[in-house]
Amino acid sequence: MSADVLLRATDVSLEYLDGARRIRAVDRVSLEVRRGEFLGLVGPSGSGKSSLLFLLAGLRAPTAGHVELLGHVLPPQADASAALRRRHVGFLFQEPFLVPYLDVRENALGHATHPEAETRLEALAAAIGMETMLRERPHRLSGGERQRASLLRALASAPDLVLADEPTANLDQETGHAVMDVLRAQTQGAALIVVTHDPGMLEGADRVLFLRDGVLQQA
Ligand SMILES: Nc1ncnc2c1ncn2[C@@H]1O[C@H](COP(=O)(O)OP(=O)(O)OP(=O)(O)O)[C@@H](O)[C@H]1O
Ligand SMILES: [Mg+2]
């Protein structure tokens, strides 16, 4: 793998079993992402965008193909890939989830591996208008605040790869752009993939990938 290729997916597929029915959510996708790249991932609802992000993060094992992160093939067992993931991947889920009995700060620092995670967290919180929310529990937060709290968790450890699923969906334009600015600034020497239905959030993207029925369309 050439030195600056951070992530490589080779012919990855993901099938879900729905009763007796198999749903192929991701269909033989191959992809290379280099350090410093900012990619958009778009496509209709149900086209497999979230499923592809799960594969790229090692949160789901592909039913065929494989994913390499920093030259390591992600092992199929979620617990085996956890160490690699916690250290190198920041993941922002489409449905933000937070541990209800922990405050925003504790949620964000839960698995943080970076020695300066706490200092980083304060600067990040200030950049996205969350500095006064760090001691709040999730039930006190609005939807957009919960999403930003999840963003803090995704970025706390300065990951090499950030995968963000609809990071601005619950936000007004201005806050949405602030979130994108932080994502961009925090992934300068890393790589960023953003799923969005809002093309305005992908200004400056190096590439925009289009998924249809699980298949990556050629530009
Ligand atoms: N856990 C699951 N079990 C069965 N089918 C699933 C599961 N998760 C997703 N699917 C199906 O897989 C396909 C892709 O879903 P996915 O969530 O990846 O789409 P998406 O592009 O992220 O959609 P959206 O834009 O609505 O978030 C859909 O047909 C969906 O119904
Ligand atoms: Mg989705």
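What you see is a predicted model, and the numbers here were worked out from it, not measured in a lab.

J.: Sorry if this is basic, but what is going on with the packing of aromatic side chains here?
T.: Here a ring pair, both rings aromatic, is described through the centre-centre distance and the interplanar angle of the planes. Considering all chains together, one arrives at four aromatic pairs under this definition. Measuring from centroid to centroid gives 4.5 Å for Phe-91 and Phe-93, while their planes differ by 50°, and the two rings are tilted. Look at Phe-91 and you get buried, because its relative accessible area is 10%. Between the aromatic rings of Phe-93 and Phe-97, the centroid separation amounts to 5.0 Å while the plane-to-plane angle is 50°, which identifies the pairing as tilted. Taking relative accessible area as the criterion, Phe-97 reaches 46% and is therefore assigned partly exposed. Taken together through their ring pairs, the aromatic side chains of Phe-54, Phe-91, Phe-93 and Phe-97 make up a single cluster. Of note, Arg-153 hangs over the ring of Phe-97, and the distance from its end group to the ring centre comes to 5.1 Å.

J.: Can you walk me through the coordination of the magnesium ion (ligand 2) in this structure?
T.: Where a metal carries four tetrahedral donors, each ideal angle is 109.5 degrees; where it carries six octahedral donors, the ideal angles are 90 or 180 degrees. Protein coordination at the magnesium ion (ligand 2) comes from Ser-50 (OG) and Gln-94 (OE1), with a distance range of 2.0 to 2.2 Å. Highlighted residues: Ser-50 in helix 1 (residues 49–57) and Gln-94 in the loop between strand 6 (89–92) and helix 3 (104–109), separated in sequence by 44 residues. On the basis of relative accessibility, which here comes to 37%, the residue Gln-94 falls in the partly exposed class.

J.: Any chance you could explain the sheet that holds strand 9 (residues 207–212) here in plain terms?
T.: The strands that make up a sheet pair up through hydrogen bonds in the backbone, lying either parallel or antiparallel. Ordered by their spatial adjacency, six strands build an open sheet running 6-7-8-3-9-10, and the pairing between neighbours is mixed. Two strands close off the open sheet at either side, each with one partner strand: strand 6 and strand 10 (215–217). The average undirected angle you get between the axes of adjacent strands in this sheet is 20°. Examined bridge by bridge, strand 3 (residues 38–42) and strand 9 share four bridges and lie parallel to one another. Opposite Leu-39, over in strand 9, you have Arg-207 as the bridge partner. Against the sheet, helix 2 (residues 78–88) contacts strand 6 and strand 7 (161–165), and its axis sits at roughly 85° relative to strand 6. Contacts from helix 6 (residues 173–186) reach strand 3, strand 7 and strand 8 (191–195) within the one sheet, and its direction differs from that of strand 8 by about 155°.

J.: Please explain the sheet that holds strand 4 (residues 64–69) as it appears in this structure.
T.: Read from one edge of the open sheet, four strands run 2-1-4-5, paired in antiparallel fashion. Two strands bound the open sheet, and with one partner strand each, they are strand 2 (21–34) and strand 5 (72–73). Bridge count between strand 1 (residues 5–18) and strand 2: 10 bridges; the pairing is antiparallel. Among the inter-strand pairings, Leu-7 is bridged to a residue of strand 2, identified as Val-33. The sheet strands contacting helix 1 are strand 1, strand 2 and strand 4, and the helix crosses strand 1 at an angle near 125°.

J.: Mind showing me how you'd approach the site of ligand 1 here?
T.: Ligand 1 sits among 14 residues. The nearest are Ser-45, Gly-46, Lys-49, Ser-51 and Gln-94. For ligand 1, an oxygen atom lies 3.0 Å from a polar atom in the backbone of Gly-48. Here ligand 1 has 640 Å² of accessible area as a free molecule, and 65% of this is covered by the chains. Of all the secondary-structure elements, those providing two or more residues to the shell around ligand 1 are strand 2 and helix 1. Class assignment for the residues of the shell around ligand 1 results in four nonpolar, eight polar and two charged.

Each value, and the rule that gives it
- Residues numbered from 1 in each chain as written.
- Chains lettered and ligands numbered in written order.
- Predicted model: local features only at pLDDT ≥ 70, side-chain atom pairs only at ≥ 80, totals over all residues.
- Heavy atoms only, no water.
- Phe/Tyr/Trp six-rings, centres within 6.5 Å; stacked < 30°, edge-to-face > 60°.
- Buried < 20%, exposed > 50% of the residue type's maximum accessible area, 1.4 Å probe, protein only.
- Lys NZ or Arg CZ within 6 Å of the ring centre and 35° of its normal.
- Donors = N, O, S within 2.8 Å, 3.2 Å for Na, K, Ca; no water.
- Helix = DSSP H or I, 4+ residues; strand = E, 2+ residues; numbered from the N terminus.
- Pairing = 2+ DSSP bridges.
- Axes fitted to C-alpha atoms, helices over the stretch in contact; angles between N-to-C directions.
- Contact = heavy atoms within 4.5 Å.
- Near = heavy atom within 4 Å.
- Polar contact = N/O pair within 3.5 Å; in protein donor to acceptor, adjacent residues only side chain to side chain.
- Areas by Shrake-Rupley, 256 points an atom, 1.4 Å probe, with all protein chains shown as cover.
- Nonpolar A, V, L, I, M, F, W, Y, C, P; charged D, E, K, R; others polar.

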